[in-house]
Amino acid sequence: MEITAARVKELRDSTGVGMMDAKRALTEVSGDMEAAVDWLRTKGLAKAAKKSGRTAAEGLVGVAVRGGVGVAVEVNCETDFAALNADFQALVAKVTEAALGVKTLDALLASHAGDNTIADLVTAAVVTIGENISVRRMARVEGVAVASYVHNSVAPGLGKIGVLVALDAADNGIGKQIAMHVAAAAPVALTEGEIDPALIEREGQIIAAKARENGKPEAIIEKIVASALKTYFAEVSLVNQKFVMNTDVTVAQAAKEAGASVTAFARLQVGEGIEKEVEDFAAEVAKTRGN
């Protein structure tokens, strides 16, 4: 039987699995829809699909460095309890190790760890652990030297915040200090010139609105915005931030004194930007009673 796009879509719609899994199932059973559903259930994929709609905002960030390459990967689950599960932590470690050999998230999911792809390992973990699990994002930096730091570590290279810092010279210890700074200060860009224009525009609008609320005349609001934005740039661009280890100097100055410059950084924090579902206790109790 011909495996058409329409049949793949039909199977996806009825089971909730991904396109590649649906196509693979139909291929395995020569296009028989009912048999394809059974094949997916046998592989545990249909069970995994039932959990795919649940919010996964907890989890861990894995960090690994090899030579002049560093990677950070965020793997999410539904509960912090699952993040402490040994199987989940082993999964994150495997995903992070695999990330050292790729440059994109898609390539990571398609890469292999042993006989299985990372995507297959994640699907298997969903069934084993019983929660929705997803590899949400990855970051990669390269430099002469790369330093890393993991905040709230639960195991080597695994924690709630993962940071990478790339330097253009050998690291004599300043890299780790700057990585710790990044974890605490959460800069949005390396330099002023790399700040997202949309962020600058939004900040400028907020500054202008505050000035108007304070009764400032329109004639000077533009100057107020320009002055305030200079302060904003210093607060959010890494090289211009006051170094947390020594606030008398900027991060750029601290690196220079150590004989290096920061060329790149990455900071991943678990659940950052994910809107968590909140359900009040009464509603939760009512749901368990069938009301």
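Structural data are supplied above this passage.
Okay, so let's go over this structure. (Residues numbered from 1 in each chain as written. Predicted model: local features only at pLDDT ≥ 70, side-chain atom pairs only at ≥ 80, totals over all residues. Heavy atoms only, no water.)

Remarks on the packing of helix α6 (residues 86-99) against helix α8 (residues 118-129)
Quick reminder of the rule: Whenever a helix is involved, its axis is fitted only over the stretch in contact; in every case the axis is a line through C-alpha atoms, and angles between N-to-C directions fall within 0 to 180 degrees. Strands are runs of DSSP state E lasting at least 2 residues, helices are runs of H or I lasting at least 4, and numbering of each runs from the N terminus. For classification purposes, an angle smaller than 35 degrees is called roughly parallel, one larger than 145 roughly antiparallel, one from 65 to 115 roughly perpendicular, and anything else oblique. It only takes one pair of heavy atoms within 4.5 Å for two residues to be counted as in contact. Residue polarity is assigned by list, with Asp, Glu, Lys and Arg as charged and Ala, Val, Leu, Ile, Met, Phe, Trp, Tyr, Cys and Pro as nonpolar; anything else, Gly included, falls into the polar class.
Where α6 contacts α8, the two axes come as close as 11 Å, and the packing angle between them is 170°. Regarding the angle of α6 to α8, the classification is roughly antiparallel. Contacts between α6 and α8 pair Asp-87, Phe-88, Leu-91, Lys-94, Val-95 and Ala-98 from the former with Ile-118, Leu-121, Val-122, Ala-125, Thr-128 and Ile-129 from the latter. Its residues assigned to classes, the contact of α6 with α8 shows nine nonpolar, one polar and two charged.

Some thoughts on the side chain of Thr-96
Our working rule: A simple rule labels every residue: compare its accessible area, found with a 1.4 Å probe on the protein chains alone, to the largest value its type can have, and call it buried under 20%, exposed over 50%, or partly exposed in between.
Structurally, Thr-96 is set in helix α6. When its relative accessible area of 4% is taken as the criterion, Thr-96 is described as buried. Beyond its immediate chain neighbours, meaning those up to four positions away, Thr-96 contacts Gly-62, Val-63, Ala-64, Val-71 and Val-73.

Focus: the nonpolar core
Keep this limit in mind: Only buried residues count toward a nonpolar core. Its members are Ala, Val, Leu, Ile, Met, Phe, Trp, Tyr and Cys residues joined through side-chain atoms within 4.5 Å.
One finds Val-73, Val-75, Phe-88, Val-95, Leu-108 and Ile-133 to be the most contacted residues of the largest nonpolar core, which totals 29 residues. Every element with two or more residues in this core is listed here: β1 (58-66), β2 (69-77), α5 (80-83), α6, α8 and β5 (134-142). If near-sequence neighbours (up to four positions away) are discounted, Val-75 is found in contact with Glu-58, Gly-59, Leu-60, Phe-88, Val-92, Val-95, Ile-133, Ser-134 and Val-135. The next biggest cluster of nonpolar side chains, apart from the first, holds 23 residues, and it includes Leu-190, Leu-238, Val-239 and Val-251.

Topic: the packing of helix α10 (residues 197-213) against helix α11 (residues 218-236)
What counts here: Should the near helix be turned anticlockwise from the far one by less than a right angle, the crossing is left-handed, and should it be turned clockwise, the crossing is right-handed.
Between α10 and α11, whose axes approach to 9 Å, the crossing angle comes to 130°. Classified by the angle their axes make, α10 and α11 are oblique. Considering only the axes of α10 and α11, their crossing is right-handed. Contacts between α10 and α11 involve Leu-199, Ile-200, Glu-203, Gly-204, Ile-207, Ala-208, Ala-211 and Arg-212 from the former and Glu-218, Ile-221, Ile-224, Val-225, Ala-228, Leu-229, Tyr-232 and Phe-233 from the latter. Across the contact of α10 with α11, the residue classes tally to 12 nonpolar, one polar and three charged.

Things to note about the pattern of salt bridges
Inclusion rule: Each reported salt bridge corresponds to a side-chain nitrogen of Lys or Arg within 4 Å of a carboxyl oxygen of Asp or Glu.
Evaluated as defined, the whole model comprises eight salt bridges. Between Glu-97 and Arg-66 there is a salt bridge; the shortest N-O distance is 2.5 Å. Here the residue Glu-97 occupies a position in helix α6, and Arg-66 occupies one in strand β1, the gap between them amounting to 31 residues. You can call Arg-66 partly exposed: its relative accessible area is 48%. For Arg-137, the salt bridge goes to Glu-272, with nearest N and O atoms at 3.4 Å. Placement of the pair is Arg-137 in strand β5 and Glu-272 in the loop between β11 (262-269) and α13 (281-288), with a sequence separation of 135 residues. By relative accessible area, which is 36% here, Glu-272 ends up partly exposed. Sharing partners across several salt bridges, the network here consists of Glu-74, Arg-136, Arg-137, Arg-267 and Glu-272.

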